[in-house]
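Take a look at the letters that make up each chain.
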Amino acid sequence: MKDTARVVVIGGGVVGVSALYHLAKRGWSDVVLLERTELTAGSTWHAAGLLPLFNMSYSVGQLHQYSVELYKRLEAETGQAVGLHPTGNLRLATNRDRMDEYRNYQCTAETIGVECHLIGVDEVRRLWPLINADGLVGALWHPTDGHIAPVDVTMALAKGARMHGATIHQQTPVTAIERDGNEWIVRTAGGSIRCEHVICATGNYARQTARMVGLQIPVIPVEHQYIVTDIDPTLKAYRDAGHAELPILRESDCQYYLREERLGWILGPYEKGAPACFVDGVPPSFEKDLFPGDLERLMPHVDGCINRVPSFANAGIKDIVNGPISYTPDGNPMVGPAFGLPNFWLSEGHSFGVTAAGGAGWQLANWIVDGEPSVDMIGVDPRRFGVVSKHFARIKNEEAYEHVFYNHFPMEERPAARPAKAPPIYDRLDQAGAVWGQRFGWERPNWFAPAGVERRDVYSFRRSNWFGHVGDEVRGMRERVGLLELSSFAKYEVEGPGARAWLDRMVANAIPKAVGRMTLAHALNPSGSVRSEFTITRMADGLYGERFYLVGPGAGHDYDLDFLQKTLPRDGSVFLTDVTTRYGVLVLAGPDARRVLEKLADADVSNAAFPWLTMQDIPVGFCPGVRALRVNFVGSLGWELHHPIEYQVHLYEALMVAGREFDIALVGMRAMDSMRLEKSYRLWGTDLNAENSLLEAGLGRFVRLNKGEFTGRDALVRQQADGVPNTYCTIEIDADDADSFGNEPVFMDGQVVGRGTAGGYGHFVKKSLMLGYVRSGFAEIGRQCQVRLMGELRPARIVPESPYDPDNTALKA
């Protein structure tokens, strides 16, 4: 074994070997893979469909789609068979909600370029002659899908990696990982390797490997079972008659998939009650072992399958396979940089293994070689979880497994392991009728149920039970005054003699100079796309020099904190403090907001004394120091009141009493989203993403190309000269009972010319709105288009930005 390498990949199987293959193919041949046992030890599961599972994130959809394309060409490239069976994939529906889910899938498919069709029951019978179609209402048909042998794919990727110079060591368990200066040392019984980068793709061993470097990650396996049957005489007769292999069948409403296997069947349920395993690590004795099968747990799905495919009853059970599958709290893998560790990468938690492995390796290689991924990876970023403890992960991972075939509604909130993080006024908001959601572990009111209204979401792809109540909250804030709890904002203090220069190199906008001034600023990727977004406020100088207050999206806390810490100067000239949990945030906004605040503030809050885009430290009520920022995400007169968290209960009660004469409204996240759509405000993570530049996002006003060097500047200069390929647009849709949620395709002249990144109903302007990117040649204001909603192409048009208050008159009042 050589003692140096550029990259060491820990873990074999299709996930690890894919990373190795793609790095070697990018020209990084000095890469080594270390597998504790055999290369295919982690690839023993079968595959039941390859194409994107659109109930997952847009990120995962792209990884899956690339994987399919890779596997189709891999055999020709390497000469190694991959066992691909292009059978197609048929997803059944027994109710309108499930068909709505498939209609929503179709939208994402069209934006990614995947062929799929919504079909009726007669077509289902034609494609699957052995089916009992009673109770079906339709299906989603993927004609280009199929199944593949993960072992064969692993060996083909390994052969390709070796062809490009990579090295693979089997039977080489890693015993320790250490940091030495700017290098990693990976220790094994056969020797140690010094390297620049480490990639962990260790599957069931993920938590144990992570602990070697002091990292805690929420990856815990869950037991997954499938049934292998003997020959089904009916199926045998069908195939003997010369018919091709039947498509993979998924009956989501009965939570199973079914495919042929040697004239019999493989039935794979996702049942309730499947337990997490290896919570404290994989025992040394466990390698390729399996758990005892539990047929009783599977019987509801067996009965459901017999109902749908009657001949299944005649195929005796040959085996029940029960083994561990790696899971995360949301069911998506963790692909990208590890928090707090330089050049340490994760590709863990791949519950669907081979389906995303090709794409994960592709993007890891791009990330390592180019410094950024080429597709948006925020949906699989390892730093996306607000809680990572073992006990949390066990509960959430079991829930994620159970929910695989649940109907994945756009505003779905899963209940397990909650509340985890909550603001001090949680109980008061709860008593006021809050219907809760969570983001990054923080509990946040989505909407408030009035007295006499049941406090629960009735999930749907169409307008549902909260629609009217959210409209009331919007009107309450737009017409009077409203209060919104937003303590989940990520907050940081930056101080020191080098603070200004560091921030200036980091973001595209100018850094505010006068105390109390603020600006919206974006940290960019080298390609000019948006990495992070911050509101930066100039504070009074601190003990160590200039001081700034940064506020970012709550969901990006670990993502941004990791970025800030890793880019911090090492000369001690800048001090960074995470103050997220030190300060709570209440947003007071609406035309009467000033009259409420002036009752409590020991300061002049008039427009002349406290103009828009400024901050003042002021006493409010009993609270001696509120950082009042005259800015908000709803586009009305108002303030974000950043306060010491211990004062939140008092501040909330004082504001509610002061606002009583103005009929103050409590406002939830769904109302905020409606109002930000009315202002065409971009949201980080969806509208602002790693695939579109800041110029494409229409935010050139926040770029100062003449200020000096900053990350992404050269790319923006090139794009400005060459022409911006896409334009961020506000689109008004002639909708019926369903609005956009994002990922819907935009059609002009029969072709897809753009996709939505966000959407919903603007309750105050009474318009169905979508925000998104359209190819610049088609993006003129007033241009007519169509947007697919619930299977229909709805008339739509591109409208000017900010349908509400385009001149910011209300905002600056």
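Above this note sits the structure.
A brief report on the enclosed structure follows. (Residues numbered from 1 in each chain as written. Predicted model: local features only at pLDDT ≥ 70, side-chain atom pairs only at ≥ 80, totals over all residues. Heavy atoms only, no water.)

### Structural notes on the overall build of the chain
Helix and strand counts for the chain come out as 18 helices and 35 strands. For a compact globule of 813 residues, the expected C-alpha radius of gyration is about 28 Å, and the chain comes in at 27 Å, within 12% of that figure. Each of the three principal axes of the chain carries a C-alpha extent, and together these read 85 × 65 × 50 Å. For the chain, buried positions account for 62% of its 813 residues. Here the analysis covers contacts within the chain between residues at least 6 apart in sequence; of these, 72% occur between residues at least 24 apart. Within the structure as shown, the chain displays about 29100 Å² of accessible surface, and the carbon and sulfur contribution to it stands at 50%. (Helix = DSSP H or I, 4+ residues; strand = E, 2+ residues; numbered from the N terminus. Rg over C-alpha atoms; globule rule 2.2 N^0.38 Å. Buried < 20%, exposed > 50% of the residue type's maximum accessible area, 1.4 Å probe, protein only. Contact = heavy atoms within 4.5 Å. Areas by Shrake-Rupley, 256 points an atom, 1.4 Å probe, with all protein chains shown as cover.)

### Looking at the packing of helix α1 (residues 13–25) against helix α5 (residues 150–163)
Between α1 and α5, whose axes approach to 8 Å, the crossing angle comes to 25°. When the axes of α1 and α5 are compared, the pair comes out roughly parallel. The way α1 lies across α5 gives a crossing that is left-handed. Between α1 and α5, the residues in contact are Gly13, Val14, Val17, Ser18, Leu20, Tyr21 and Ala24 and Val153, Thr154, Leu157, Ala158, Gly160 and Ala161, respectively. For the contact of α1 with α5, the residue count by class is 9 nonpolar, 4 polar and no charged. (Axes fitted to C-alpha atoms, helices over the stretch in contact; angles between N-to-C directions. Parallel < 35°, antiparallel > 145°, perpendicular 65-115°, else oblique. Left-handed = near helix turned anticlockwise from the far one by under 90°. Nonpolar A, V, L, I, M, F, W, Y, C, P; charged D, E, K, R; others polar.)

### Let's talk about the sheet that holds strand β27 (residues 623–629)
One open sheet holds the 6 strands; their spatial order is β26-β27-β28-β25-β19-β29, and the pairing between them is mixed. For this open sheet the edge positions go to β26 (615–620) and β29 (665–666), each flanked by a neighbour on one side alone. With 4 bridges connecting them, strand β19 (residues 482–485) and strand β25 (residues 583–589) associate as antiparallel partners. Note that in β25 the partner of Leu484 across the bridge is Val587. Seen against the sheet, helix α16 (residues 648–658) touches β19, β25, β26, β27, β28 (638–644) and β29 and runs at an angle of roughly 10° to β25. (Pairing = 2+ DSSP bridges.)

### A closer look at the environment of Met669
If you trace the backbone, Met669 turns up in helix α17 (residues 669–678). Through-space distance from the C-alpha of Met669 to that of Trp436 is 9.5 Å; in sequence the pair is 233 residues apart. Other than its neighbours up to four places away in sequence, Met669 contacts Arg444, Pro445, Asn446, Leu484 and Leu486.

### A word on the pairing of strand β21 (residues 518–524)
The element β21 is largely enclosed, with a buried count of 6 among its 7 residues. Both β21 and strand β22 (residues 530–542) contribute to a ladder of 7 bridges, which runs antiparallel. Each residue of the ladder has a partner; that of His522, found in β22, is Glu533. The antiparallel hairpin formed by β21 and β22 contains 5 residues in its connecting segment, where Gly528 sits at a positive phi of about 90°.

### Notes on the state of the cysteines
Tallied over the entire structure, the rule returns 0 disulfides. Unpaired in terms of disulfides, Cys107 finds its nearest cysteine sulfur in Cys116, a separation of 9.1 Å. Here Cys116 falls in the buried class, since its relative accessible area comes to 9%. (Disulfide = S-S within 2.5 Å.)

### Focus: the packing of aromatic side chains
Taken as a whole and judged by the stated rule, the model has 24 aromatic pairs. Between the aromatic rings of Phe633 and Tyr681, the centroid separation amounts to 5.7 Å while the plane-to-plane angle is 25°, which identifies the pairing as stacked. Pair noted here: Phe633 is in the loop between β27 and β28 and Tyr681 is in the loop between α17 and α18 (713–722), with a separation of 48 residues, a long-range link. Look at Phe633 and you get partly exposed, because its relative accessible area is 22%. Note on Tyr681: relative accessible area 18%, which makes it buried. Cluster of aromatic residues (ring-pair linked, three or more members): Tyr257, Tyr270, Tyr327, Tyr401 and Phe405. Seen from the ring of Tyr205, Arg36 lies directly overhead, with NZ or CZ sitting 4.2 Å from the centre. Taking the ring centre of Phe548 as reference, the NZ or CZ of Arg538 above it sits at 5.8 Å. (Phe/Tyr/Trp six-rings, centres within 6.5 Å; stacked < 30°, edge-to-face > 60°. Lys NZ or Arg CZ within 6 Å of the ring centre and 35° of its normal.)

### What to know about unusual backbone geometry
Following Arg418, the chain continues into Pro419 via a peptide bond in cis, with omega recorded as -5°. Structurally, Pro419 is set in the loop between α10 (390–402) and α11 (426–431). Notably, Leu263 is not glycine yet its phi reads approximately 70°, a positive angle. Tracing the backbone shows Leu263 in the loop between β12 (256–261) and β13 (264–269). Given the relative accessible area of 24%, Leu263 is considered partly exposed. Its identity as a non-glycine residue notwithstanding, Asn743 has a phi of 80°, on the positive side. Within the element layout of this structure, Asn743 appears in the loop between β30 (726–733) and β31 (745–748). A relative accessible area of 18% means that Asn743 is categorised as buried.

### Some remarks on helix α9 (residues 354–370)
Along its 17 residues, α9 runs 24 Å from first to last C-alpha, staying within 8% of the 24 Å computed at 1.5 Å per residue. Of all 17 residues making up α9, 14 are buried, and the element is well covered by its neighbours. Immediately beyond the C-terminal end of α9, within one or two residues, lies Gly371, with a positive phi of roughly 90°. (Expected span 1.5 Å × (residues − 1).)

### Observations concerning a nonpolar patch on the surface
Taken together, Leu295, Met299 and Ile317 make up a surface patch of nonpolar side chains, about 220 Å² in accessible area. Position of Ile317 among the secondary structure elements: in strand β14 (residues 317–325). (Patch = residues over 30% accessible without salt bridge, like charges linked within 9 Å, V, L, I, M, F, W, Y side chains within 5 Å. Salt bridge = Lys/Arg side-chain N within 4 Å of Asp/Glu carboxyl O.)

### Re the pattern of salt bridges
Inspection of the entire model under this criterion finds 56 salt bridges. As a salt-bridge pair, Lys396 and Glu399 come within 2.8 Å of each other at their nearest N and O atoms. Remark: Glu399 and Lys396 occur in helix α10; sequence separation between them is 3 residues, near one turn of the helix. Among the ionic pairs, Arg478 bridges to Glu678, the shortest N-O distance being 3.0 Å. Within this pair, whereas Arg478 is found in helix α12 (residues 467–479), its partner Glu678 is found in helix α17, the two being separated by 200 residues in sequence. Note on Glu678: relative accessible area 0%, which makes it buried. One network of salt bridges, with partners in common, ties together Asp100, Arg103, Arg462 and Asp737.

### Observations regarding the sheet that holds β12
Consider a sheet: its strands pair through backbone hydrogen bonds, and that pairing is either parallel or antiparallel. One open sheet holds the 8 strands; their spatial order is β4-β5-β3-β11-β12-β13-β10-β14, and the pairing between them is mixed. Both outer strands of the open sheet, β4 (117–119) and β14, are each paired with one neighbouring strand and no more. If you compare each strand with its neighbour and ignore which way they point, the axes differ by 20° on average. With 8 bridges connecting them, strand β10 (residues 222–229) and β14 associate as antiparallel partners. Its bridge partner lying in β14, His224 is registered against Gly323. Along the sheet, α10 contacts β10 and β13; its crossing angle with β10, the most-contacted strand, is approximately 30°.

### Overview of the packing of α1 against α9
Closest axis-to-axis distance for the α1/α9 pair is 8 Å, and the angle between their directions is 40°. Comparing the axis directions of α1 and α9 gives the class oblique. As α1 runs across α9, the sense of the crossing is right-handed. Listed contacts from α9 to Val14, Val15, Ser18, Ala19, His22 and Leu23 of α1 are Val354, Ala357, Gly358, Gly361, Trp362, Leu364, Ala365, Ile368 and Val369. Tallied by class, residues from the contact of α1 with α9 come to 11 nonpolar, 4 polar and no charged.

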